[in-house]
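# Overview (structure and organization)
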Amino acid sequence: MSKSTTDLSGASDPSLVELRNQISAINHEILVQLNRRAEIGLKVREIKERNAIEMFIPSREQEMLDGLVEANAGPFPDQVIRQLFREIFSASLGLMQAREKETLMVSRRPGDPDALVQVGEVSVGREPVIMAGPCAVEDEDQMDRVAQVLADQGVAFLRGGAFKPRTSPYSFQGLGEVGLRMLKDAGARYGLKTITEVVDTRSVELVARYVDMLQVGARNMMNYELLKAVATTGKPVLLKRSFAATLDEWLRAAEYVALGGNSQIVLCERGIRTFAKETRNTLDISAIPLMKDLCRLPIVVDVSHAAGRRDILAALARASLAAGAHGVMVEVHPSPHLARSDAQQQLDLDQFAALLDALRPDLMPHARPRAARQLADS
Ligand code: PEP
Ligand code: MN
């Protein structure tokens, strides 16, 4: 009988077994050396962090690769050596950056509880909150009618833009300080906390004088000077995700505010830009659990700017709360068809009341059956 039919694995060939043992031993040596290399990489990281040196220095990587290729005696061709070591370098850099992520001020470390953000006596981060109001503050009557409905419905936050970042410079830009005053007055009349967007560093101080919470909009998430400026006000910040931001970029934007001495930050997912044409943006539901995993900050979802239409807001809001969001933002206007911005997506007052009715079971966890509550709380 031929050998190949009895011992396909070659286990009975002593020289083959010996060579295989040598290979296994070398594998283990490589493993030990790789981890030694990684440990040294982490020490390098510490020194770099202390001295604010870039983690990735391309010229250093090039130098190491050139040195290895020069020393390469084969049989591996130079190209394969480059490829293998590039993988090792990139794994090592990944490890250095992963540790860096854990050390951000806003990072969640194992066992960290959720953060609560206090806006006056209202907490964001536990029971879901609703933030509602018109896209833009337009007049006293509009603000009064919306605020009254919010107060009747037990909603805590009134929103409204006084400085509007518009795609066209010819579109309504907001009422500025006059609008801030209308927002503040309506909020004060009905005992609502106010939120408005601040669009530039020049107006931070002015806006902070009028409202309870400062919103940094999607277009400004990467305006780092603005992030530093809002941090200095001591006011809670609603930080929207840019429609083109990765979660990591969003997290680091929050870090700017935290590093500026203000950890009162609420994240707001508002949809990202995709190829979908049916909605204005695509609501990224996965961002909710993922950001909750990465950091302790509360997260709310602006369903209006995500959808850009009225008819699917209840579904998006319920999905957001089911995914763990701490609240929902929605645009409401007494006469949406007359709105000076985002007319197609704002709810009228009756539609808003209907939305709240649809959300009621999600908003009042204590009214849910005990078993469901325990599941949600565990
Ligand atoms: C807004 O909330 O008014 C707004 C402009 O939203 P975003 O920054 O998400 O586009
Ligand atoms: Mn709007």
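Fair warning: this is a prediction, and the values are worked out from it, not measured in the lab. In this numbering scheme, every chain counts its residues from 1 along its sequence in written order. By the order in which they are written, chains take letters starting at A while ligands take numbers starting at 1. It should be noted that, the model being predicted, local features are given only for residues of pLDDT at least 70 and side-chain atom pairs only at 80 or more, the latter also being counted only at that level, while totals for whole chains, interfaces and linings use all residues.

## Details of the confidence of the model for the protein
Model confidence for the protein is summarised by a mean pLDDT of 93, while 93% of its residues fall at 70 or above. On a scale of 0 to 100, pLDDT captures the predictor's confidence in every residue. By the criterion used throughout, residues are in contact when their C-beta atoms, derived from the backbone, lie within 7 Å. Below a pLDDT of 50 lies the segment residues 366–374, which in the model reaches 3 contacts outside its immediate sequence neighbourhood of four places, other chains included.

## What to know about helix α5 (residues 140–153)
Going along the chain from the N terminus, every DSSP run of H or I of four or more residues is numbered as a helix, and every run of E of two or more is numbered as a strand. A helix is expected to span 1.5 Å for every residue after the first. An ideal rise of 1.5 Å per residue puts 20 Å on 14 residues; α5 measures up with 20 Å between its terminal C-alpha atoms. Residues are called buried when their C-beta atom has 20 or more other C-beta atoms within 10 Å, exposed when it has 12 or fewer, and partly exposed otherwise; all C-beta atoms are positioned from the backbone. Buried residues of α5: Q142, M143, V146, A147, V149 and L150, and no others. The buried residues of α5 occupy one face: seen down the axis, they fall within an arc of 160 degrees. More than 90 degrees from the buried face of α5, the exposed residues found are D141 and D152. Packed against the buried residues of α5 are β3 (129–133), β4 (157–159), α6 (177–190) and α13 (349–363). Where α5 ends, the next residue or the one after it, G154, has phi of about 80 degrees, a positive value. As used here, the arc is the angular range of directions from the helix axis to the C-beta atoms.

## Some remarks on unusual backbone geometry
Residue P75 is bonded to the preceding G74 through a cis peptide linkage, with omega at 10 degrees. Tracing the backbone through its elements, the reader meets P75 in the loop between α3 (58–71) and α4 (78–102). In this structure, A52 takes a positive phi of about 50 degrees despite not being glycine. The residue A52 is located in the loop between α2 (14–50) and α3 in this model. With a phi angle near 50 degrees, D342 is a residue other than glycine that sits in the positive phi range. Within the secondary structure layout, D342 lies in the loop between β10 (327–331) and α13.

## Section: helix α12 (residues 313–322)
L313, A314, L316, A317, S320 and L321 are the residues of α12 that are buried. For α12, the angular spread of buried residues about the axis comes to 165 degrees, placing them on one side. In this structure, the buried residues of α12 make contact with α10 (287–294), β9 (299–302), α11 (303–307), β10 and α13. Just downstream of α12, G324 is the residue with a positive phi angle, here 110 degrees.

## Structural notes on the pairing of strand β5 (residues 193–197)
Across the 5 residues of β5, 5 count as buried, placing the element largely inside the fold. Side chains K193, I195 and E197 of β5 all project onto a buried face; the interleaved residues T194 and T196 project onto the opposite face, where all are buried too. Bridge count between β4 and β5: 3 bridges; the pairing is parallel. Across the sheet, the residue bridging to F157 is K193, located in β5. With the strands pointing away from the viewer, any crossover whose connection runs clockwise from the first strand over the helix to the second is right-handed. Assessed by its sense of winding, the connection that carries the chain from β4 through α6 to β5 is right-handed. Should DSSP find at least two bridges between two strands, the strands are taken to pair. In the sheet, β5 pairs with strand β6 (residues 213–216) via 3 bridges, with the strands oriented parallel. In the sheet register, I195 faces β6, and the bridge partner there is M213. Each parallel crossover has a hand, and the one from β5 via helix α7 (residues 204–210) to β6 is right-handed.

## Quick word on the packing of α12 against α13
Look at α12 against α13: their axes get within 10 Å of each other, and the N-to-C directions meet at 20 degrees. On the basis of the axis angle, α12 is roughly parallel to α13. The handedness of the crossing between α12 and α13 is right-handed. Along the contact surface, α12 presents L313, A314, A317, R318 and L321, while α13 presents L355, A358, L359 and D362. Classifying every residue of the contact of α12 with α13 gives 7 nonpolar, no polar and 2 charged. Here the axes come from fitting lines to C-alpha atoms, over the contacting stretch only for helices, and the angles between their N-to-C directions go from 0 to 180 degrees. Put simply, angles under 35 degrees are roughly parallel, angles over 145 are roughly antiparallel, angles from 65 to 115 are roughly perpendicular, and the rest are oblique. Crossings are sorted by hand: turned counterclockwise from the far helix by less than a right angle, the near helix makes the crossing left-handed, and turned clockwise it makes it right-handed. Each residue gets one label: Ala, Val, Leu, Ile, Met, Phe, Trp, Tyr, Cys and Pro are nonpolar, Asp, Glu, Lys and Arg are charged, and the others, such as Gly, are polar.

## Some points on the site of ligand 1
Defining nearness, a residue is near a molecule or strand when the C-beta atom obtained from its backbone falls within 6 Å of it. Taken together, C135, G161, P165, E197, G217, A218, R219, K240, R270, D302 and H305 make up the full set of residues adjacent to ligand 1. Residues that form the shell around ligand 1 fall into these classes: 3 nonpolar, 3 polar and 5 charged.

## Examining the nonpolar core
Judged by nonpolar contacts, the single largest core of 87 residues is most densely connected at V230, L239 and A254. It is helix α9 (residues 247–259) that contributes the most residues to this core, 7 residues altogether. Leaving out residues up to four positions away in the same chain, L239 has contacts with V216, M221, A253, A254, V257, I265, L267 and C268. For this analysis, nonpolar core means a set of buried Ala, Val, Leu, Ile, Met, Phe, Trp, Tyr and Cys residues linked through C-beta atoms within 7 Å.

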